[in-house]
Amino acid sequence: MNKFNVVALANTFAIIDIILHPLFHLWVYVSPRSYEWVMHLFVAGLQLEVTNFDSSFTHVALGTIVEASAFWILGASVALIYNWMSKSR
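Criteria and cut-off values
- Per chain, the residues get numbers from 1 upward, laid out in the order the sequence is written.
- Thresholds applied to this predicted model are a pLDDT of at least 70 for local features of residues and 80 or more for the giving and counting of side-chain atom pairs; totals over whole chains, interfaces and linings are not thresholded and use all residues.
- Just so you know, side-chain values use all the structure's heavy atoms and leave hydrogens and water out.
- In this description, a line fitted to the C-alpha atoms serves as the axis of each element, helices being fitted only across the stretch in contact, and the angle between N-to-C directions of two axes falls anywhere from 0 to 180 degrees.
- A run of DSSP states H or I qualifies as a helix once it reaches four residues; a run of E qualifies as a strand once it reaches two. Both are numbered from the N-terminal end.
- Throughout, a residue-residue contact means that at least one pair of heavy atoms, one from each residue, lies within 4.5 Å.
- Note on residue categories: nonpolar means Ala, Val, Leu, Ile, Met, Phe, Trp, Tyr, Cys or Pro, charged means Asp, Glu, Lys or Arg, and polar means any other residue, Gly included.
- The patches reported here contain residues having more than 30% relative accessible area and no salt bridge. Joining distances are 9 Å for like charges and 5 Å for nonpolar side chains (Val, Leu, Ile, Met, Phe, Trp, Tyr).
- The Shrake-Rupley method, run with a 1.4 Å probe sphere, supplies the accessible areas, and residue values consider only the shown protein chains as cover.
- Salt bridges are counted wherever a side-chain nitrogen of Lys or Arg sits within 4 Å of a carboxyl oxygen of Asp or Glu.
- With a 1.4 Å probe rolled over the protein chains alone, any residue whose accessible area is under 20% of its type maximum counts as buried; one over 50% counts as exposed, and the rest are partly exposed.
- Think of it this way: a Phe, Tyr or Trp ring, Trp meaning its six-membered ring, pairs with another when their centres are within 6.5 Å, and the plane angle makes it stacked under 30 degrees, edge-to-face over 60, tilted otherwise.
- pLDDT expresses how confident the predictor is about each individual residue, on a scale running from 0 to 100.
- Taken from the helix axis, the directions to the C-beta atoms give the arc we talk about.
- For the purposes of this section, nonpolar cores are sets of buried Ala, Val, Leu, Ile, Met, Phe, Trp, Tyr and Cys residues that join through side-chain atoms within 4.5 Å.

**Concerning the packing of helix H1 (residues 6-30) against helix H2 (residues 32-42)**
(1) Moving on: The N-to-C vectors of H1 and H2 enclose an angle of 120°; their axes lie 5 Å apart at closest approach. Listed contacts from H2 to Phe24, Trp27, Val28, Tyr29 and Val30 of H1 are Pro32, Ser34, Tyr35 and Val38.
(2) Moving on: Taken together, the residues of the contact of H1 with H2 break down into eight nonpolar, one polar and no charged.

In structure tokens, the structure reads:
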């Protein structure tokens, strides 16, 4: 039975976030109204209003670091749970 490489999957999750998170903030910077429209469309009941804070460098940088860390933990958790469940079969 194949097993996931825990660090590799966690790094993949984090790298995807490191690329996508700033791109979403670029979208917010370039076209905030279209971003708000899409968020209203896909998340029922969300009352989102883009502010200048959402495009500040500090917010984007710190948000990317925190979110990438969370995604790394998520990727590691998925791999560990998969490996544990596949071993028990």
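**Observations concerning a nonpolar patch on the surface**
(1) Moving on: A surface patch of nonpolar side chains, amounting to about 910 Å² of accessible area, comprises Ile15, Ile16, Ile19, Leu20, Leu23, Phe24, Leu26, Tyr29 and Val30.
(2) Moving on: Within the secondary structure layout, Leu23 lies in helix H1.
(3) Moving on: Judged by its relative accessible area of 46%, Leu23 is partly exposed.

**Some details on the packing of aromatic side chains**
(1) Moving on: One pass over the full model with this rule turns up three aromatic pairs.
(2) Moving on: Measuring from ring centre to ring centre gives 4.6 Å for Phe4 and Tyr82, while their planes differ by 50°; the resulting arrangement is tilted. Taken together, the residues Phe4 in the segment before H1 and Tyr82 in helix H3 (residues 57-87) connect sequence positions 78 residues apart.
(3) Moving on: By relative accessible area, which is 35% here, Tyr82 ends up partly exposed.
(4) Moving on: Put simply, the rings of Phe24, Trp27 and Tyr35 pair up and form one aromatic cluster.

**Comments concerning the confidence of the model for the protein chain**
The predicted structure's coordinates, where accompanied by low pLDDT, should not be read in detail.
(1) Moving on: Put simply, the protein chain has an average pLDDT of 92, and 97% of its residues get 70 or more.
(2) Moving on: Here H2 stands out as the least confident element of the protein chain, with mean pLDDT 90; H1 is the most confident, with 96.

**Considerations on H2**
(1) Moving on: Of the residues making up H2, those classed as buried are Tyr35, Glu36, Val38 and Met39. Each buried residue of H2 sits inside an arc of 165° when the element is viewed along its axis, so together they form one side. Turned more than 90 degrees from where H2 packs its buried face, Arg33, Trp37 and Leu41 sit exposed.
(2) Moving on: Those residues of H2 that are buried are in contact with H1.

**A few points about the nonpolar core**
(1) Moving on: Grouped together as the largest cluster of nonpolar side chains are five residues: Val28, Tyr35, Val38, Met39 and Val50.
(2) Moving on: Tallying contributions element by element places H2 first for this core, with three residues.
(3) Moving on: Beyond its immediate stretch of four places on either side in the chain, Val28 contacts Tyr35, Val50, Asp54 and Ser55.

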